[in-house]
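Structural characterization, general
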Amino acid sequence: MKTDIKNLAAFLATSIWADGEYDEAEKIAISEIAEAMELNKDELLAETETAIAEVEQMNEEKINEYLIEKGAEVDEDEAALVYMAAMQIVTTDGVLGVEEVENLLSIATALGIEESYAMLLLIDLVKEEPELKLLF
């Protein structure tokens, strides 16, 4: 992966921030993401936890600035992979709420992904996960 692991971790951290809970299921998901992207899982977990600590101190406006800054550092060819990793983290708990969708759209924007494409990826994920509970 060309994208620095710290930038990937930033997007995973903001995905975790969306529902305010960082639990064992998300740690497992991060390990799976690391394996799929051929990254060191301990390093990705550590970098994500560092990024979570940073994000927890920010308001929504600062988080959007943070995402834009980190998005500029993501390799263009890997932006969709980073977005899909964020989707995986957001849906790990089996629930997808409005705030989480808004967060995912902010992530997509920061990664330079068209909103319509981001929504199609999200719809595809929802179709593949029929047990996913949608909160409106």
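Now for a quick tour of the structure. Keep in mind it's a predicted model, so treat the numbers as computed, not measured.

**Some remarks on the overall build of the chain**
Within the chain, the regular secondary structure consists of seven helices and two strands. Relative to its length of 136 residues, the chain is compact, with a C-alpha radius of gyration of 13 Å against a globular reference of 14 Å. Taking the principal axes of the C-alpha coordinates as reference, the chain spans close to 30 × 30 × 30 Å. Counting over 136 residues, the chain shows a buried share of 44%. For the chain, restricting intrachain contacts to residue pairs at least 6 apart in sequence, the fraction spanning at least 24 positions comes to 75%.

**Some remarks on the side chain of Glu-26**
Relative to the helices and strands, Glu-26 resides in helix 2 (residues 24–36). Although Glu-26 lies buried, it forms no salt bridge, and the closest oppositely charged side chain, Lys-27, sits 8.8 Å away as judged by the N-O distance. Look past the residues within four positions of Glu-26 in its chain and what remains in contact with it is Ile-16, Asp-19, Glu-21, Ile-89 and Thr-92.

**Let's talk about the nonpolar core**
Core analysis: the biggest nonpolar cluster contains 45 residues, and Leu-44, Tyr-83, Leu-104 and Leu-111 have the highest contact counts within it. Counting only elements with at least two residues in this core, the list comes to helix 1 (5–17), helix 2, helix 3 (41–55), helix 4 (60–71), helix 5 (79–90), helix 6 (98–110) and helix 7 (115–128).

**With respect to the layout of surface pockets**
Quantified by volume, the largest pocket comes out at close to 180 Å³. Every residue along the wall of the largest pocket is listed here: Trp-17, Ala-18, Glu-60, Ile-63, Asn-64, Leu-67, Glu-99, Glu-102, Asn-103 and Ser-106. Of all the elements in the fold, those that place two or more residues in the lining of the largest pocket are helix 4 and helix 6. Among the residues making up the lining of the largest pocket, the classes are represented as four nonpolar, three polar and three charged.

**Quick look at the side chain of Asn-7**
Positionally, Asn-7 belongs in helix 1. Exposure remark for Asn-7: the relative accessible area of 8% places this residue in the buried category. Setting aside residues no more than four positions away along its own chain, Asn-7 makes contact with Lys-70, Glu-73 and Val-74.

**Thoughts on the pattern of salt bridges**
In this structure the tally under the stated criterion is one salt bridge. As a salt-bridge pair, Glu-65 and Lys-62 come within 3.8 Å of each other at their nearest N and O atoms. Here the residue Glu-65 and the residue Lys-62 both occupy positions in helix 4, the gap between them amounting to three residues, near one helical turn. Take Lys-62: its relative accessible area is 47%, and that puts it in the partly exposed class.

**Brief notes about the environment of Ala-118**
Mapped onto the fold, Ala-118 is located in helix 7. Here Ala-118 is in contact with Tyr-83, Leu-105, Ala-108 and Ile-113, once residues within four sequence places are set aside.

Calculation rules
- Residues numbered from 1 in each chain as written.
- Predicted model: local features only at pLDDT ≥ 70, side-chain atom pairs only at ≥ 80, totals over all residues.
- Heavy atoms only, no water.
- Helix = DSSP H or I, 4+ residues; strand = E, 2+ residues; numbered from the N terminus.
- Rg over C-alpha atoms; globule rule 2.2 N^0.38 Å.
- Buried < 20%, exposed > 50% of the residue type's maximum accessible area, 1.4 Å probe, protein only.
- Contact = heavy atoms within 4.5 Å.
- Lys, Arg positive; Asp, Glu negative; His and termini not counted.
- Salt bridge = Lys/Arg side-chain N within 4 Å of Asp/Glu carboxyl O.
- Core = buried A, V, L, I, M, F, W, Y, C linked by side-chain atoms within 4.5 Å.
- 1 Å grid on protein atoms, 1.4 Å probe; cavity = no way out; pocket = protein on both sides within 12 Å on 5 of 7 lines; lining within 4 Å.
- Points joined across faces, edges and corners; volume = space filled by probe spheres on them.
- Nonpolar A, V, L, I, M, F, W, Y, C, P; charged D, E, K, R; others polar.

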